[in-house]
There are 2 protein chains.
Amino acid sequence: MLPTKENRERPRLAEGGQRRVIIEGASPEVDGGRYPAKRIVGDTVRAAVDLISDGHDALAGRVLFRHVGAEEWRSASLAPLGNDRWAASFVVDRLGVWELTFEAWIDAFNTWRSGTRKKEKAGQDIAVELLVGAALLEDAARRVKGAEAAVAALLEDAARKARDATRPNVDRLLAATGELVVRAMDGAPDLARSTRYDRVLRLTVDPELARFSAWYELFPRSCGEAGQHGTFADVEKRLPYVAAMGFDILYVPPIHPIGKSFRKGPNNTLTAGREDVGSPWAIGAASGGHKAVHEQLGTLADFDRLVATAKGLDLAIALDIAFQVSPDHPYVKEHPDWFVQRPDGTIQYAENPPKKYQDVYPFDFECEDWQGLWLELYDVFAFWIEHGVRVFRVDNPHTKALRFWEWCIGELKARHPDVLFLAEAFTRPKLMYALAKGGFSQSYTYFTWRSTKAELETYLREITAAPVNEFYRPSFWPNTPDILPEHLQHGGPPMFLLRLALAATLSSNYGMYGPAFELMEHVPRPGSEEYLDNEKFQLRTWNLDDPRSLRDVITLVNRARRANPALQQTERITFHATDNDALLAYSKATDDHGNVVLVVANLDPAHAHGGWIDLDLAELGIRPGESFQVHDLFADARLLWSGARNYVSLDPKVFPVSLFVVRRKVRSEHDFEYFL
Amino acid sequence: MLPTKENRERPRLAEGGQRRVIIEGASPEVDGGRYPAKRIVGDTVRAAVDLISDGHDALAGRVLFRHVGAEEWRSASLAPLGNDRWAASFVVDRLGVWELTFEAWIDAFNTWRSGTRKKEKAGQDIAVELLVGAALLEDAARRVKGAEAAVAALLEDAARKARDATRPNVDRLLAATGELVVRAMDGAPDLARSTRYDRVLRLTVDPELARFSAWYELFPRSCGEAGQHGTFADVEKRLPYVAAMGFDILYVPPIHPIGKSFRKGPNNTLTAGREDVGSPWAIGAASGGHKAVHEQLGTLADFDRLVATAKGLDLAIALDIAFQVSPDHPYVKEHPDWFVQRPDGTIQYAENPPKKYQDVYPFDFECEDWQGLWLELYDVFAFWIEHGVRVFRVDNPHTKALRFWEWCIGELKARHPDVLFLAEAFTRPKLMYALAKGGFSQSYTYFTWRSTKAELETYLREITAAPVNEFYRPSFWPNTPDILPEHLQHGGPPMFLLRLALAATLSSNYGMYGPAFELMEHVPRPGSEEYLDNEKFQLRTWNLDDPRSLRDVITLVNRARRANPALQQTERITFHATDNDALLAYSKATDDHGNVVLVVANLDPAHAHGGWIDLDLAELGIRPGESFQVHDLFADARLLWSGARNYVSLDPKVFPVSLFVVRRKVRSEHDFEYFL
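All residue numbers refer to position in the chain's written sequence, counted from 1. The order in which chains are written sets their letters, starting at A; the order in which ligands are written sets their numbers, starting at 1. In keeping with the predicted nature of the model, local features appear solely for residues at pLDDT of at least 70, side-chain atom pairs appear and are counted solely at 80 or more, and the whole-chain, interface and lining totals rest on all residues. Side-chain numbers come from the whole structure's heavy atoms, not from hydrogens or water.

A. Fine view of the sheet that holds strand β1 (residues 22-27) of chain A. Residue and element names in this part refer to chain A. DSSP-based pairing: two strands are paired if at least 2 bridges between them are found. Numbering goes from the N terminus for both helices and strands, where a helix is a DSSP run of H or I of at least four residues and a strand is a run of E of at least two. Across the sheet, which stays open at both edges, the 4 strands sit in the order β1-β3-β7-β6 with antiparallel pairing between neighbours. The open sheet is flanked by β1 and β6 (79-82), the only strands paired with a single partner. Averaged over all adjacent pairs, the angle separating strand axes in this sheet is 35°, with direction ignored. For β6 and strand β7 (residues 85-91), the ladder comprises 3 bridges, and the chain directions are antiparallel. Residue pairing in the sheet places glycine 82 in a bridge with arginine 85 of β7. A fitted line through C-alpha atoms serves as each axis, taken over the contacting stretch for helices, and the angle formed by two N-to-C directions is quoted from 0 to 180°.

Encoded structure:
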């Protein structure tokens, strides 16, 4: 006897079995939706997804999106790209967090329409098909009836004609599949069996400055007259100098009271003299901590005025937030539980055994009162935001808990979506990426140590490829107060020009530590990558009017960046082959190729180099065989090129880099040819 | 006046802020854990993950795993691979679904141990550090006290010695960091602030046959004597022939009653004569449907005996399950609601407009009674499993709902984890992958249409790379009853030998449709990729004793596959460069290089070709400069090679493929050199 279903155990049935479409491979998506992708306000977001279903039925779908503050989802229809991939675009027109997800379904009407057309063309009888189509039209009419009476009437009319057996079948089919009817049907899908993507993805939408910014770092205390301790007022006087060079952000090391205990002397020596000013990163003294200003710089009111004046010059003041304290910081007495306590009753200072940093206490992010600590650190940012600061550079974020940053930056940006955070982390790559995923708007990079053609190409490919480009916005720095890289020590002026041009054109976000950079300061503490007589530990006097200053070149570079939208983004970059490893060639273009820039750099500061470049013309928006103009913005020279293979020669003693704008020949109405 | 925290809104605090480790990038993981990865019972699973934490503290972690039926998690410690990647291995020693996840934490003891050692080496006073370490030891002792008294005692003793100020510090440190103490501390981690991976990943653990199998397909009805309709008894007689060739699975087209309505005639003609046997895929007649057997084949008891006899020969009988019905199937009367009803009261037959397949009704997987339909289809599998079938080939699974397969296969394998499913889907790549993710144990591929070196290399790279290799087990078929590819029509015997050798050595799962294959049947219906006089629509008589039969070569190939474990897996394959595009060279190796096979194939059936092969010696387990033997199992010839570059010449008239076993020279105890 056959077993019957009755004597077999029945399995449970899955929910939603009628939802035939599977949605996979969504983009932009970071770590399965765990973290938001990053965009700029005004961006057109391209959302893509795989829609997979059994059989050959027509599919349809849409991306659903909304600002996190909105109740209702908006939507855009997905269009097929081939190979089961679909995409749609929408504009993020508001700062803050956006949400997106996807929905897809079997499109019964278009499945019916294409099948019935084929049958009609093949001369088959479609009388029954027309009744099937009429029923689909009537169903749709019922769905929209309440909301869109006119559309319902249109569909009902089409259904009536499809059912009208007195008319020829071909007319009935035409009536049921007219352009307006199809559009109305597309707008009235049956979602009863639609599939919703199982995750809601997020986007962080930032101000444009997050993607395109030029940073200039200086030490306020070195801005004084003739060796005097500089003040906020002195920095105010320096603003026109910085603004004239074309920078967007002026960033200053910590401005808080500096501790006296274990204060460091010049060149990081362990004992400070009475006059020594100490390190601004040894934060906190009897006069206050992270919400106070160092008295030698002035008052909080002076700082407020500096921020306001800078704003008038389109300069943002960026503060350096370093979450660590000197032994003299008020927190040490008020909240000793926020630090690691040693069995002998002392507080654990910073160390990297066997090195000791007795002037600095790190916070214990795991302490019992971690919630009190986190709220206080949040409050530090909130305090300075209230004082008009919108940009923060965070010192060593990689030595503070990752979950703290995700929480803190998330909460701050929920209230102030225009605020930006730059992560100063030179550490392991995955940790740098984790900080970016956790919310940092921009990130330091390894650019400072990438100098050969292979190193630069490999590194740029890594950070501009998906998924990294979705969450990591690189900022390229040729120098910092912490790093005078070896090539700047020995490469002479050509190396300064080269690193400036590379930083400013490889990455849309870049910065420099000045005036050390423009004055080509290059003497290290022997055997190190650190500056001699570093401003971190002493005042410096800089002669801004030194005739060798690079300020004019910097001005030119920043002007070129502002004039060429292709340079205002980092991820769309193409490297072109050269037959000389000293020559690096890359181009950037806007999406529509309306602006195209080609950079050729001689990486050898000591010798002139020439070589052939094999251009990827398609990436330049040039047709094969078309002649085009390349206009070197540095030399202000114009060349007429034709074809993919062109020769370039660069003498570093003249200038090590050509920054070409690529212009296509166009013909005017009056038949006059010119380069666009 | 400074704003205070009190007059600012306080944000909410995240949960688990003290859990400092982030866990990312887990492997094996398919679509963020949505689908299981596939493994074979006895496999060593290598689980890997990124552990990322702030700062420089030592980390530790473990993979947690269990059979889905077990309550308790087992665990294996993660070891660092560098660049923040960690891995651990465990063996899946039982069929069915396994679960795995990860846990990681800051390792306070090892952080303390390495820091304190460095301080001690640098001559610093470590008296306070010793007290810190003692406290860590005491904490751990408290954690294990109940369960492991001896370990607790060991740790307490170490703590006592660490605290003993009468002893030299160096001795105290040694006592606190002895090997046994370190091991005990590793085994007693403080998990209070550990991070758990936020997903539980799954593995489907199958019998070995899922990874390594040779399939032979035949039509039972053609197994009869002298043009008589074959029976299960005839197939039983054919079993030794199939088993002797070294096949593991004998698979037969549907064995159910065949419909009479719209029955197809020979060569797919629309009208069948009285004697025409029809297509086995037009399933169902008055005598029964998917749970009945076609009366001309015999009885269910005959089938049971066939399964049993096959089992005795180590052959599994695979049934072809085709979820569609002829108009005569009992379902049509009993459950007309399982099909699409047309407005004229008829049932929608299969079609691909304008083509009509009136002999077949597809199921409507979205019908109102979808639950009833799904349960019944589940029951079809359950019925045949009760009759001893453990392997199913599913016909056109890509025209049935994906969620149905995921549910149905999942439920079946939950009860019968040894059952395997082969997806016969030649469709869009993402749909084929979706079926594999949804549970199919093996999948048809595009191998049948990949014939040039570039095509084969590209395709193999695609399907053996992550993540595809985690869920998709390819099965390579040189021919099927549906496909006589063009190269077999025109390539002559060398092409049959080539495609056999490629299928059987590129993929550990392969199959053929016989006796058409071994008898080199190659005449198509004109202008098509279909066999002329196809067995799908008529009986055929095959002369198995034809002297040109490839049965001996097939036997040799299957013997080589069984003798060489390197051929029993697909994903570990390396292509080697050749300077002649007619020559394809690839190797496979076991993990330990204990067995290494090198295949060189001449893809041109018409001409002899020679060329240099640049071997990747490391992939062969050969040291540079080492000489090694290659033993061609087809020609039974042995060559001594040395170095990476070797010349191979293959004449397709002799044999188009060399299947080399690569043997290293070893020296015996008695100083006698031989090849292993």
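Moving on from the model shown.
B. Fine view of the interface of chain A and chain B. For this analysis, residues touch if any pair of their heavy atoms sits within 4.5 Å. Contact with chain A, which involves 83 residues of that partner, is made by 83 residues of chain B. Summed over both partners, buried area is the accessible surface (1.4 Å probe) that two parts give up on being assembled. Carbon and sulfur atoms make up 53% of the surface buried where chain A meets chain B, a total of about 7,600 Å² over both sides. By the criterion of area lost to chain B, the three top residues of chain A are Glu366, Arg403 and Lys430 of chain A, representing 10% of everything that side buries. We define a salt bridge as a contact between a side-chain nitrogen of Lys or Arg and a carboxyl oxygen of Asp or Glu at a distance within 4 Å. If you look at where chain A meets chain B, you find 16 salt bridges. Of the charged contacts, one joins arginine 428 of chain B and aspartate 84 of chain A as a salt bridge, the two residues approaching to 2.9 Å between their closest N and O atoms. Polar contact is the term for a pair of N or O atoms within 3.5 Å; when the atoms are in protein, one must be able to donate a hydrogen and the other to accept it, and sequence-neighboring residues count only if both atoms are side-chain atoms. Run the count over chain A and chain B and you get 38 residue pairs in polar contact (both at pLDDT 80 or more). Secondary-structure elements contributing two or more residues to the side of chain A that touches chain B are β1, β3 (44-52), α1 (108-121), α2 (127-144), α9 (370-386), α10 (402-415) and α11 (429-437) of chain A. Residue contributions to the side of chain A that touches chain B peak at 10 residues, all from α9 of chain A. A per-class count over the side of chain A that touches chain B returns 31 nonpolar, 15 polar and 37 charged. In this classification, the charged set is Asp, Glu, Lys and Arg, the nonpolar set is Ala, Val, Leu, Ile, Met, Phe, Trp, Tyr, Cys and Pro, and all remaining amino acids, among them Gly, are polar.

C. Quick look at the sheet that holds strand β21 (residues 509-513) of chain B. Residues and elements named next belong to chain B. Judged by pairing direction, the sheet is parallel, and its 7 strands sit side by side in the order β20-β19-β18-β13-β12-β11-β21 without closing on themselves. Two strands close off the open sheet at either side, each with one partner strand: β20 (442-443) and β21. Alignment of strand β18 (residues 391-395) against strand β19 (residues 420-424), held across 5 bridges, turns out to be parallel. Each bridged residue has a counterpart across the sheet, and for valine 394 the counterpart in β19 is alanine 423. Across the sheet, helix α16 (residues 551-563) is in contact with β11 (213-217) and β21; its angle to β21 comes to roughly 165°.

D. Main features of α1 of chain A. When the terminal C-alpha atoms of α1 of chain A are compared, their 20 Å separation across 14 residues agrees well with the 20 Å that a helix rising 1.5 Å per residue should span. Listed as buried for α1 of chain A are Phe109, Asn110, Trp112, Arg113, Gly115, Thr116 and Lys119 of chain A. The secondary structure elements touched by the buried residues of α1 of chain A are α2, α4 (169-176) and α5 (179-186) of chain A together with β15 (350-352) of chain B. Looking one or two residues beyond α1 of chain A, the residue adopting positive phi is glycine 123 of chain A, at roughly 80°. For a helix, the expected span equals 1.5 Å multiplied by the residue count minus one. Per-residue accessibility, obtained with a 1.4 Å probe over protein chains only, is compared with the maximum for each type, and a residue is labelled buried under 20%, exposed over 50%, and partly exposed between these values.

E. Here's a closer look at the side chain of serine 213 of chain B. Residue and element names in this part refer to chain B. In this fold, serine 213 is placed in strand β11. Its relative accessible area of 0% is what places serine 213 among the buried residues. At 3.1 Å, the side chain of serine 213 and the side chain of tryptophan 215 are in polar contact. Setting aside anything within four residues of it in sequence, one finds serine 213 in contact with Asp248, Ile249, Gln442, Ser508, Asn509, Tyr510 and Arg561.

F. Looking closely at the packing of helix α9 (residues 370-386) of chain B against helix α10 (residues 402-415) of chain B. Residue and element names in this part refer to chain B. Where α9 meets α10, the axes come as close as 10 Å, and the angle between the chain directions of the two elements is 35°. At the point where α9 passes α10, the crossing takes the right-handed sense. Contacts from Trp374, Leu375, Leu377, Tyr378, Phe381, Ala382 and Ile385 of α9 reach α10 at Arg403, Phe404, Trp405, Trp407, Cys408, Glu411, Leu412 and Arg415. Split by residue class, the contact of α9 with α10 holds 12 nonpolar, no polar and 3 charged. Two helices that cross are described as forming a left-handed crossing if the nearer one is turned anticlockwise from the farther one by less than a right angle, and a right-handed crossing if clockwise.

G. Structural view of the domain arrangement of chain A. Domain borders in the structure are assigned automatically or taken from a domain database. Along its sequence, chain A is carved into domain 1 (22-106), domain 2 (109-186), domain 3 (212-255 + 374-532 + 541-559) and domain 4 (572-675). Domain 2 of chain A and domain 3 of chain A are separated by 63 Å when their C-alpha centres are compared.

H. Fine view of α5 of chain A. Residues and elements named next belong to chain A. Of the residues making up α5, those classed as buried are Val181, Val182, Ala184 and Met185. On an axial view of α5, the arc spanned by its buried residues comes to 165°, and they lie on one face. Looking at α5, the residues exposed on the side facing more than 90 degrees away from the buried face are Glu179, Leu180 and Arg183. Think of it as the arc spanned by the lines of direction from the helix axis to the C-beta atoms.

I. Summary view of the relation of the copies chain A and chain B. Superposition of the copies was done by least squares, using only C-alpha atoms of residues whose pLDDT is at least 70 in both. You can overlay chain A on chain B at an RMSD of 0.0 Å; the transform is a turn of 180° with a shift of 0.0 Å along its axis. Both chain copies can therefore be described as sitting about a two-fold axis. Considering only C-alpha atoms, the residue of chain A closest to the rotation axis is glycine 32 of chain A, which sits at 3.0 Å. Here 100% of the interface residues in chain A have copies in chain B that are interface residues too; the copies meet face to matching face.

J. Molecular detail of the pairing of strand β28 (residues 645-650) of chain A. Residue and element names in this part refer to chain A. The alternating pattern of β28 places Asn646, Val648 and Leu650 on a buried face and Arg645, Tyr647 and Ser649 on a face that is not buried. Pairing between strand β25 (residues 609-614) and β28: 6 bridges, direction antiparallel. Bridged to glycine 610 within β28 is serine 649.

K. Region of interest: the nonpolar core. Membership of the largest hydrophobic core comes to 159 residues, with the highest contact counts inside it found for Phe102, Trp384 and Tyr510 of chain A. Buried residues of nine kinds, namely Ala, Val, Leu, Ile, Met, Phe, Trp, Tyr and Cys, make up a nonpolar core once their side-chain atoms join them within 4.5 Å. In this structure, Val21, Phe323, Leu500 and Ile573 of chain B belong to the second largest nonpolar core, which totals 157 residues.

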